[in-house]
Amino acid sequence: MRKSNIDAMRPIEIHRRALELREKSAISFYNGHHSEFVEVNNPIFEDQGEFSFSKYGFEHRKCNRTNTIYCSPRPTEIQLKKYYEEYEAPKFWTEVLLSTNLERKILQYQPRVQHLLEIIHKNLKGSNLTAVDLGAGSGAFTLALKQSNVFDKVLALDFAQDCVDACRKNGLDAIKGSIEDIANNSIELLTMNDLIEHVFDPRDFLMKCNKALKIGGYISIATPNGMGFDFQIFKENTVNITSPEHLQYFNPESISILLGQLGFEIVEIGTPGILDTDIVLREVRNNNYDLKARNEYLHHILVECKEEVRIDFQKFLQKNNLSSHMLIIAKK
């Protein structure tokens, strides 16, 4: 049997340890701070959705019109900063991120960067083009952008000093900070990978992103799709739902509406994920989920059929915006 995508990208022992620490840290953080949490509105229509579920103590609501899932009440920005600086789970994941082979990650990102540039390059005018990668982590995506030789300046931003130091060590221009540190109307491209689901106020954050871009500039967002396959199978038990780290889960419809409200034009939206069936299959094989009892036909497709059938099913999820990994490209 070939090594699965998920075994290569999420080694099981590391992933299991990360999940254990996320649950432990989340419960400890909730018990110590939930009395100070604040109510927030649905980020799409700014009303209150209906209660959907609780996980690790954190209540989650759902927008009735777009099925966007969001955590409310949620930690304040000050509390979130405390969580990321002091709790074990985010520290462990940063260590994993920085220890991952950089060249392998760059190779993984290069096709996405190439696709992005094919879409936007013909509309990027003039010289002195600048790209900014928010939440850059180890800098692998930023380096893939830099190696494209399209931009005169490529800047990595991250809140974690360890990540900033790693980016600088790898030859990148990097600063500790976020979108507030970018001047208005100053850049042609803004990218973020697995960031928007973490921010306290995604509407305010995206408004600031819009202001940072020049007219005709582009934003590229990679984030979980809250209507994706493993979300639909596992519901709140999916490994993607991990408050207080993840605070909202958009989907193709809702992120399109929100970006449109804030002055962006959607250029492309898709779900190019490759791990959905692997995520479900791993849980089934580890006896964490009885898929056969809940959906015998899906069990037949994923477990009993030939591997080629599962591969084709994953392609079906990608093609029809049903994967749990979502990618959006929009223009100001």
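Relevant structure appears above.
Visitor: Explain the sheet that holds strand β10 (residues 265-270) to me, and be specific about the residues and the numbers.
Guide: The strand order across the open sheet formed by seven strands is β6-β5-β4-β7-β8-β11-β10, and the pairing between neighbours is mixed. Each edge of the open sheet carries a strand with a single partner, namely β6 (173-176) and β10. Across this sheet, the average inter-strand angle for adjacent strands is 15°, counted without regard to direction. Across four bridges, the pairing between strand β5 (residues 153-158) and β6 is parallel. Its bridge partner being in β6, D158 is matched across the sheet by K176. Of the strands in this sheet, β5 and β6 are in contact with helix α7 (residues 161-169), which crosses β6 at around 170°.

Visitor: Break down the sheet that holds strand β3 (residues 69-71) for me, with residues and values.
Guide: Strand order across the open sheet formed by four strands is β1-β2-β3-β9, with antiparallel pairing between neighbours. Only two strands of the sheet have a single neighbouring strand rather than two, namely β1 (50-55) and β9 (248-249). With five bridges joining them, β1 and strand β2 (residues 58-62) adopt antiparallel strand pairing. Among the inter-strand pairings, S54 is bridged to a residue of β2, identified as E59.

Visitor: Requested: an account of the packing of aromatic side chains, with residues and values cited.
Guide: Counted by the stated rule, this structure contains 13 aromatic pairs. On the numbers, 5.2 Å between centres and 70° between planes, the contact of F29 with Y83 is edge-to-face. Residue F29 is found in helix α2 (residues 12-33), and its partner Y83 is found in helix α3 (residues 77-86); the two are separated by 54 residues along the sequence. Residue classification places Y83 among the buried positions, given a relative accessible area of 0%.

Visitor: Go over the packing of α3 against helix α4 (residues 88-99), please, and point to the residues and values.
Guide: The N-to-C vectors of α3 and α4 enclose an angle of 60°; their axes lie 5 Å apart at closest approach. Between α3 and α4, the angle falls in the class oblique. Where α3 abuts α4, its residues Y83, Y84, E85 and E86 lie against E88, A89, P90 and K91. Partitioned by chemical class, the residues of the contact of α3 with α4 number four nonpolar, no polar and four charged.

Visitor: How would you explain helix α13 (residues 296-304) if you had to name every residue and give the values?
Guide: Restricting attention to buried positions, one finds in α13 the residues L298, H299, I301 and L302. Angular distribution of buried residues about the axis of α13 spans 165°; they occupy a single face of the element. Summarising the geometry of α13, the exposed residues directed more than 90 degrees from the buried face are E296 and Y297. Taken together, the buried residues of α13 touch α9 (229-234), α11 (276-285), α12 (291-294) and α14 (307-319).

Visitor: An account of the pairing of strand β7 (residues 187-193) is requested, with residue identities and associated values reported.
Guide: One face of the sheet, then the other: side chains in a regular strand alternate in exactly this way. Among the seven residues that make up β7, seven are buried, leaving the element largely enclosed by the rest of the structure. Judged from the four bridges that link them, strand β4 (residues 130-134) and β7 form a sheet pairing that is parallel. Paired with D133 across the strands is T191, a residue of β7. As defined by bridge partners, β7 adjoins strand β8 (residues 213-224) across six bridges and the pair is classed as parallel. Considered in β8, the bridge of M192 is made with I221. Running through helix α8 (residues 202-212), the crossover from β7 to the neighbouring parallel element β8 is right-handed.

The rules behind these values
- Residues numbered from 1 in each chain as written.
- Predicted model: local features only at pLDDT ≥ 70, side-chain atom pairs only at ≥ 80, totals over all residues.
- Heavy atoms only, no water.
- Pairing = 2+ DSSP bridges.
- Helix = DSSP H or I, 4+ residues; strand = E, 2+ residues; numbered from the N terminus.
- Axes fitted to C-alpha atoms, helices over the stretch in contact; angles between N-to-C directions.
- Contact = heavy atoms within 4.5 Å.
- Phe/Tyr/Trp six-rings, centres within 6.5 Å; stacked < 30°, edge-to-face > 60°.
- Buried < 20%, exposed > 50% of the residue type's maximum accessible area, 1.4 Å probe, protein only.
- Parallel < 35°, antiparallel > 145°, perpendicular 65-115°, else oblique.
- Nonpolar A, V, L, I, M, F, W, Y, C, P; charged D, E, K, R; others polar.
- Arc of directions from axis to C-beta.
- Right-handed = clockwise from strand over helix to strand, strands pointing away.

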